[in-house]
Amino acid sequence: MSRVTSAEKIAAARAEGRPALIGYLPAGFPDVETSIEAAVALAENGVDVIEMGIPYSDPVMDGLVIQEATNQALANGFRVAQIFDIVRGITERTDAAVMVMTYWNPVLRLGVDEFSRRFAEAGGAGLITPDLVPDEAAEWQAASEKYDLERVFLIAPSSTEARVRQTVEASSGFVYCVSLMGVTGARSEVSSAAQAVVDAAHAAGAENACVGLGVSRREHVTEIGAYADGVIVGTALVAALRDGGVPAVGRLAAALSGRA
């Protein structure tokens, strides 16, 4: 079973002279088995780090495409505990680092220590927590250190210098740099604020600063990769899975990674 970290995958990509490619998919969409197959297709086509998102009823950061996908997963009966089977299904078949992106309430409901233990046992690398700030993360920090899991917090164009510094110090693996204010969604151009957010993270001491929100094409990956350590793609991959199934996910990943 793989137990590789996002930091290791980002470092390996850097050694090859490129940014790490990070791909997001909703867990359980359109069903559990297909979400595993889609994630494996990402890894087979050049994605270094896989984010599996836990479906949630109030996804404040997610745009319409991801909201609709997670709503479908919930309607189909997805349960939080299934994330461990999904993570294990991916780590047993790939050498990608597998992260989980989750709003904090599902982790609290299951229990922070319990969730962390089971996630680590499944081969997971760490959690990306969009609605958890470092000030309120003491229990998660303790559990992540106990089970050797990465903590990924977010910064945005609106983050103050003090907040960026605090977030960088609390994070491990990488810092998630939100490139624009608003919800997720593929866009034709990358926000001009992206580089400023990455520069702020690096200035605060972040070894790995990765950009998300709005990335959908290979040229975006190339553009962002000139200054960021990793590039995060979500909505475009979810739309590919919705419209063309696992083969379409593989084709888009290959295009994004430059393999196609």
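How each quantity is defined
- Residues numbered from 1 in each chain as written.
- Predicted model: local features only at pLDDT ≥ 70, side-chain atom pairs only at ≥ 80, totals over all residues.
- Heavy atoms only, no water.
- Phe/Tyr/Trp six-rings, centres within 6.5 Å; stacked < 30°, edge-to-face > 60°.
- Helix = DSSP H or I, 4+ residues; strand = E, 2+ residues; numbered from the N terminus.
- Buried < 20%, exposed > 50% of the residue type's maximum accessible area, 1.4 Å probe, protein only.
- Pairing = 2+ DSSP bridges.
- Right-handed = clockwise from strand over helix to strand, strands pointing away.
- Salt bridge = Lys/Arg side-chain N within 4 Å of Asp/Glu carboxyl O.
- pLDDT = per-residue confidence, 0-100.
- Contact = heavy atoms within 4.5 Å.
- Arc of directions from axis to C-beta.
- Axes fitted to C-alpha atoms, helices over the stretch in contact; angles between N-to-C directions.

Asks: Explain the packing of aromatic side chains residue by residue, including any values.
Replies: Aromatic ring pairs are defined here through the distance separating the ring centres and the angle between the ring planes. Considering all chains together, one arrives at 4 aromatic pairs under this definition. Seen in terms of ring centroids, F84 and F115 are 5.1 Å apart; in terms of plane orientation they differ by 65°. Their pairing is edge-to-face. Taken together, the positions of F84 in helix α4 (residues 82-91) and F115 in helix α6 (residues 112-121) put the pair 31 residues apart, joining distant regions of the chain. Per residue, the accessibility class of F84 equals that of F115, and both read buried. Measuring from centroid to centroid gives 6.2 Å for F115 and F119, while their planes differ by 35°, and the two rings are tilted. Of the two residues, F115 and F119 are both situated in helix α6; the distance of 4 residues between them amounts to about one turn of the helix. Judged on exposure class, the residue F115 and its partner F119 are both buried. Pairwise contacts between aromatic rings join F84, F115 and F119 into one cluster.

Asks: Explain the pairing of strand β1 (residues 20-26) to me, and be specific about the residues and the numbers.
Replies: Across the 7 residues of β1, 7 count as buried, placing the element largely inside the fold. Across 4 bridges, the pairing between β1 and strand β9 (residues 230-233) is parallel. Paired with L21 across the bridge in β9 is V231. As defined by bridge partners, β1 adjoins strand β2 (residues 49-53) across 5 bridges and the pair is classed as parallel. The partner of P26 across the bridge, within β2, is G53. Considered for its hand, the β-α-β crossover made up of β1, helix α2 (residues 32-44) and β2 is right-handed.

Asks: Before we move on, can you summarise the pattern of salt bridges with the specific residues and values?
Replies: Opposite charge on two side chains lets them pair, provided their charged atoms get close. Under the counting rule described, the total for this entry stands at 13 salt bridges. Measuring nitrogen to oxygen at the nearest pair gives 3.0 Å for the salt bridge that ties R117 to E114. Of the two residues, R117 and E114 both sit in helix α6, 3 residues apart, roughly one turn of that helix. The partly exposed category is assigned to R117, whose relative accessible area is 27%. E114 sits in the partly exposed class, given a relative accessible area of 29%. A salt bridge links R242 to D243; the shortest N-O distance between them is 2.7 Å. Classification of D243 as exposed rests on a relative accessible area of 59%.

Asks: Give a description of unusual backbone geometry that names residues and reports values.
Replies: With omega at -10°, the peptide bond leading from F29 into P30 counts as cis. Looking at the secondary structure, you find P30 in the loop between β1 and α2. The phi dihedral of D148 is positive, around 60°, even though this residue is not glycine. Looking at the element boundaries, D148 is found in the loop between α7 (138-146) and β5 (150-152).

Asks: Can you lay out the confidence of the model for the protein chain for me, pointing to particular residues and giving the numbers?
Replies: The predicted coordinates ought not to be read in detail in places where the model reports low pLDDT. Chain-level pLDDT for the protein chain is 92 on average; 92% of the residues reach the 70-or-more range. In the predicted structure, residues 181-189 sits below a pLDDT of 50 and forms 29 contacts with residues beyond four places in sequence or in another chain.

Asks: Hey, could you go over α6 for me, with residue numbers and the actual values?
Replies: All buried positions along α6 are accounted for by V112, F115, S116, F119 and A120. Taken down its axis, α6 places every buried residue within 125° of arc, on the same side. After α6 finishes, the residue G123 shows a positive phi value of roughly 100°.

Asks: Account for the sheet that holds β9, naming residues and giving values.
Replies: Strand order in the open sheet made by the 9 strands is β5-β4-β3-β2-β1-β9-β8-β7-β6, with parallel pairing throughout. Edge positions in the open sheet fall to β5 and β6 (154-155), since each of these has one partner strand only. Bridging between strand β8 (residues 209-212) and β9 involves 2 bridges; their strand directions are parallel. Counterpart to C210 in the pairing with β9 is G230. Its contacts with the sheet place helix α10 (residues 218-225) against β1, β8 and β9, and it is angled at close to 150° to β9.

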